[in-house]
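# Survey of secondary and tertiary structure
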Amino acid sequence: MEDCFSHSVLCHLTSLLLIQLLTGGSAEEFFVIGPSDPIVATLGGDITLPCRVSPTMSVENMELRWFRSKFSEVVFVYQNQREQNEEQMAQYAGRTSLVRDLLTQGEAAVQIRKVQASDNGLYTCFFRKGGFYEEASLELKVAGVGSAPQVYIKGLEEDGIRVVCMASGWFPKPQVQWRDLSGEKFLAFSEAHAQDEEGLFSVEASLVVRDSSAGNVTCSILNPILGQEKAMAIFIPEPFFPQASPWKLAFMVSLTVLVLLLLGAGYCTKRERSAKFQEMQKQDDLRQAKKEDCQTKEEALKAIDELQADLSWRKSVYLAAWRKAQLYADWRKEKFQAWSVTLDPGSAHPSLAVSHEKMSLTWKDTCVDSEGSCSILGLEGITSGRCYWEVVVRSGDRSEWALGVCSKDVKRKGWYRECPEKGFWIVGHYEKNYCACTIPQTLLFLRQVPHRVGVFVDYNEGDVSFYNMTDGSHIFSFPQASFSGMLFPYFTLKSGDVSLTICPMVGGPEGFPVPLNSSPSVEEPVSLPGEGFSSGSGVDSAPLGVESPLLP
C-alpha cells in the first residue's frame, strides 16, 4: 500500500511540475493527498477522514467534497465557506461535520460520528478551486467486537458428541477456531454466518468430538482487523460418549466390503455404458458425415448444373450475335470452315525457304539481299464464305514477321507499305512490339505471346480477325471492309530467327470456304445490352455492359 501511495505521489508531483512549466507556474494548480494506509474505525465510535493539498495553500474558499464510489453518493459537501446538506446521502445525515482547524494550512477532514457497518469501504475526497480540481482515495475499515461465544452440547452424533458455538454482533465476518485442552486446533467443523439489518455478522460453528479423553474444548471468535478475540470453554465428561459394542466393528467391516462391492459393480456398469455410448456416438458421427457428404455432393452438382446452364445460355446468345463479339475462338470456329492452306512457292521471295509439304516457311541458309519484306502467298484464293486457318509461330525476341490476307493484285516487290488501304490486312511482330498494320500502326497489348495464331476471314461481311489459339483470346479485328476480287493468305518474314508453320486442318476442304448461307440463323440481327468489344481492335464498338452474356 505504501509503495502504491509513494508511486501516486511521485506521479502527481511530476504532473504538477509539468503543468507549472507549461502554464508559467500558475499558483491555481495543486493535487490532493489522502492517507496511504486504511483508516480503522470501531462500531459506534467517531472517525476522521483527512485529506490535504500540495503545495500548501488555504482551502477555505475551495469546494470540498467527500463521496463514496460515485460522485452522486455524497458523504459531505463544503462550498461557499459553509456546509451543504442538499446532496448528502440519508445514512450520513446528522453524523458528519468538517474539521476547520487547519483549512488555512491546506488540510481538511470530515468527521463521521457513530460509525456503522455500512460506512465500511472506499471514499474519495474532492477539492475544486475555480475550473481546476483534484481528488484522492482513502479506505475506511470498520471493525466491531460482538458478544462472547455461547457453547453448549447439542447431543450424540455418530460415534461422538456434537458441540455448538454461537456469537453475534461482529464486523466484519469473524474467524472461528476450536481447540482442545492442549491447545491443538480442530480442523474439521462446520461453520455458518448470517448478517442482520445493520450489517453485523452472527456465526454458528458445530464440532463433533470423538475422543472421550478430550476433556475441555474451547471455541474462540476473532476479529481479523482489530485482532481481538473472545473465547469460551466447555467440559465434556467421558460418560457422555457412546460405548463401543462388539458387533459394531463387524458391522463396519461388512459395511466397508459392501460399499467396495457396490463401487466395483457401479464402475463396471458405468464402463459398459460408456463403451456403448461411444459406439453409438461413433455411428451417429458416421451418419452425420455421410449426410454432410451427400449434401456437399448435391450442392456441387447443383452448382455445376447452374454453371453449365449459364454457360449454355451465354454460348447461345454469343452464337446468335457472334459477328458482334470478339472472344472465345473455339465458339467462333463453329461458324467458320477450317481451311487447309498450302504455300505457293512460285510467289515466294528468293530469300525464303518453303518446306517440301508446302506448309512451313523460314529463311534460306544463304539469304539474298533484298529491300522491303520477304513475303509469300497461299496457293488458294478466297472469293466468298467464311474460313479460318491456324499458324504456329516460332521466333525470338528480335524477330520480325507478319501474317494475314492480301488482295490478289497488291505490290510485293521492293519496298511497299502493308496496310488495308494498300490491300493488306495483317498483324505481326515489329521491333519488340506486336502491331496491326494500319496507318498509323496499332500497338497490341496481349496477355501472352501468341505462339499459335488463328486467322478468321468472313469475305461477304468484310471481316478479318485474329485470335490467340492457345488461350482463345482475341488479338485484333480490322474495321469492316468491302472486298473485291480474290484474297490470298499472306506471310512475310523481315528479320531474326523465325519460322511460320501452317497447321493441318483435319477434315477441312482445300480452297473452298464455307458459303455464307450455311447458317441462315446468324443473319438475323440480335440486340444485346452492352454488346461489342474494344479489346485493342480497330472495330468501332461500345464496351461490354454489366448484363453482357460474355465472360470478361
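Residues numbered from 1 in each chain as written. Predicted model: local features only at pLDDT ≥ 70, side-chain atom pairs only at ≥ 80, totals over all residues. Heavy atoms only, no water.

Let's shift gears to the state of the cysteines. In the structure shown here, the tally under the stated rule is two disulfides. A sulfur-sulfur separation of 2.0 Å characterises the disulfide bridge that pairs Cys51 with Cys125. Taking the torsion about the S-S bond as the criterion, the Cys51 to Cys125 disulfide, at about -90°, is left-handed. Note that Cys51 is positioned in strand S3 (residues 47-54) and Cys125 in strand S9 (residues 121-129), a separation of 74 residues in sequence. One disulfide bridge connects Cys165 with Cys219, the sulfur atoms lying 2.0 Å from each other. Its S-S torsion of about -75° marks the bond between Cys165 and Cys219 as left-handed, since a negative value means left-handed. One end of the pair, Cys165, is in strand S12 (residues 160-170); the other, Cys219, is in strand S17 (residues 216-222), with 54 residues separating them in the sequence. The pair Cys165 / Cys219 is uniform in exposure class, with both members buried. Look at the chain and number its bonded cysteines as they come in the sequence; the links are 1-2, 3-4. (Disulfide = S-S within 2.5 Å. Helix = DSSP H or I, 4+ residues; strand = E, 2+ residues; numbered from the N terminus. Buried < 20%, exposed > 50% of the residue type's maximum accessible area, 1.4 Å probe, protein only.)

Here we come to the packing of aromatic side chains. Taken as a whole and judged by the stated rule, the model has 18 aromatic pairs. These aromatic residues form a ring-pair network of at least three members: Phe67, Phe71, Phe126 and Tyr133. Here the basic side chain of Arg68 rests over the ring of Tyr123, its NZ or CZ set 4.4 Å away from the ring centre. (Phe/Tyr/Trp six-rings, centres within 6.5 Å; stacked < 30°, edge-to-face > 60°. Lys NZ or Arg CZ within 6 Å of the ring centre and 35° of its normal.)

What follows is about the pairing of strand S29 (residues 463-468). Among the six residues in S29, six count as buried, and that is most of the element. Neither face of S29 is exposed, since Asp463, Ser465 and Tyr467 on one face and Val464, Phe466 and Asn468 on the opposite face are all buried. In terms of strand pairing, strand S28 (residues 452-458) meets S29 through six bridges, oriented antiparallel. What sits directly across from Val455, in S29, is Phe466. Here S28 hands over to S29 after four residues, with Gly462 in that stretch at a positive phi of 70°. Note that S29 and strand S30 (residues 473-477) share four bridges and pair antiparallel. Along S30, the bridge assignment pairs Asn468 with Ser473. (Pairing = 2+ DSSP bridges.)

Now for the sheet that holds strand S8 (residues 107-112). The strand order across the open sheet built from four strands is S1-S3-S8-S7, with neighbouring strands paired in antiparallel fashion. Strand pairing shows two members of the sheet lacking a second neighbour, strand S1 (31-33) and strand S7 (96-99), which therefore form its edges. Adjacent strand axes in the sheet meet at a mean angle of 25°, parallel and antiparallel pairs treated alike. The pairing of S3 with S8 spans six bridges and is classified as antiparallel. Looking at S8, one finds that Cys51 is bridged to Ala108. (Axes fitted to C-alpha atoms, helices over the stretch in contact; angles between N-to-C directions.)

Moving on: the pattern of salt bridges. Per the counting criterion, the structure on display carries 12 salt bridges. Residue Glu229 is joined to Arg179 by a salt bridge in which the shortest nitrogen-to-oxygen separation is 3.8 Å. A residue pair is termed long-range when its members are at least 10 positions apart, and Glu229 in strand S18 (residues 229-235) and Arg179 in strand S13 (residues 175-179) qualify at 50 residues. Judged by relative accessible area, which is 44%, Glu229 ranks as partly exposed. Overall, the relative accessible area of 25% leaves Arg179 in the partly exposed class. Of the charged contacts in the structure, one is a salt bridge between Glu390 and Lys333, with a shortest N-O distance of 3.7 Å. Of this pair, Glu390 sits in strand S23 (residues 386-395) while Lys333 sits in the loop between helix H3 (329-332) and strand S19 (337-338), and the two are 57 residues apart along the sequence. (Salt bridge = Lys/Arg side-chain N within 4 Å of Asp/Glu carboxyl O.)

The next subject is the sheet that holds strand S6 (residues 82-84). With mixed pairing, the six strands of this open sheet are ordered in space as S2-S10-S9-S4-S5-S6. Edge positions in the sheet fall to strand S2 (39-42) and S6, since each has one partner strand and no second. Here the strands of the sheet are splayed against their neighbours by 25° on average, with no regard to which way each runs. Pairing analysis gives four bridges linking strand S4 (residues 63-67) to strand S5 (residues 74-79), with the strands arranged antiparallel. Within the sheet, the bridge partner assigned to Trp66 lies in S5 and is Phe76.

Turning our eyes to something else, we now look at the nonpolar core. Trp389, Leu403, Phe466 and Phe491 are the most contacted members of the largest nonpolar core, which has 38 residues in total. Contact partners of Trp389, with chain neighbours within four places excluded, come to Trp339, Val341, Ile382, Gly404, Val405, Val453, Gly454, Val455, Val457, Pro489, Phe491 and Met505. Met62, Val75, Ile112 and Leu200 belong to the second largest nonpolar core, which has 34 residues in total. (Core = buried A, V, L, I, M, F, W, Y, C linked by side-chain atoms within 4.5 Å. Contact = heavy atoms within 4.5 Å.)

What follows concerns the pairing of S4. Here S4 lies mainly inside the structure; five of its five residues are buried. Hairpin connection, S4 to S5: the antiparallel pair is bridged by six residues.

Attention now moves to the confidence of the model for the chain. Mean pLDDT over the chain stands at 83; residues scoring 70 or higher make up 82%. Here helix H1 (residues 2-23) stands out as the least confident element of the chain, with mean pLDDT 45; strand S24 (residues 400-407) is the most confident, with 96. Predicted confidence is poor over residues 4-26, with pLDDT under 50, and the contacts of this stretch with residues over four places away or in other chains come to 16 contacts. This model gives residues 514-552 a pLDDT under 50, and the stretch forms 83 contacts once residues within four places in sequence are excluded. (pLDDT = per-residue confidence, 0-100.)

The peptide bond linking Ser54 to Pro55 adopts the cis configuration, its omega dihedral lying at 0°. The topology assignment puts Pro55 in the loop between S3 and S4. A cis amide bond links Ile439 with the next residue in sequence, Pro440, at an omega value of -10°. Looking at where Pro440 falls in the secondary structure, it is placed in the loop between strand S26 (433-436) and strand S27 (442-444).

Mapped onto the elements, Ile439 comes out in the loop between S26 and S27. Every residue in contact with Ile439, bar those within four places of it in the chain, is listed here: Arg417, Cys419 and Glu421.

We now examine a nonpolar patch on the surface. Taken together, the side chains of Phe251, Met252, Leu255, Leu258, Val259, Leu260, Leu262 and Leu263 make up a nonpolar region of the molecular surface, amounting to roughly 770 Å² of accessible area. As for its placement among the helices and strands, Leu262 is situated in helix H2 (residues 246-320). Using a relative accessible area of 57% as the deciding quantity, one classes Leu262 as exposed. (Patch = residues over 30% accessible without salt bridge, like charges linked within 9 Å, V, L, I, M, F, W, Y side chains within 5 Å. Areas by Shrake-Rupley, 256 points an atom, 1.4 Å probe, with all protein chains shown as cover.)

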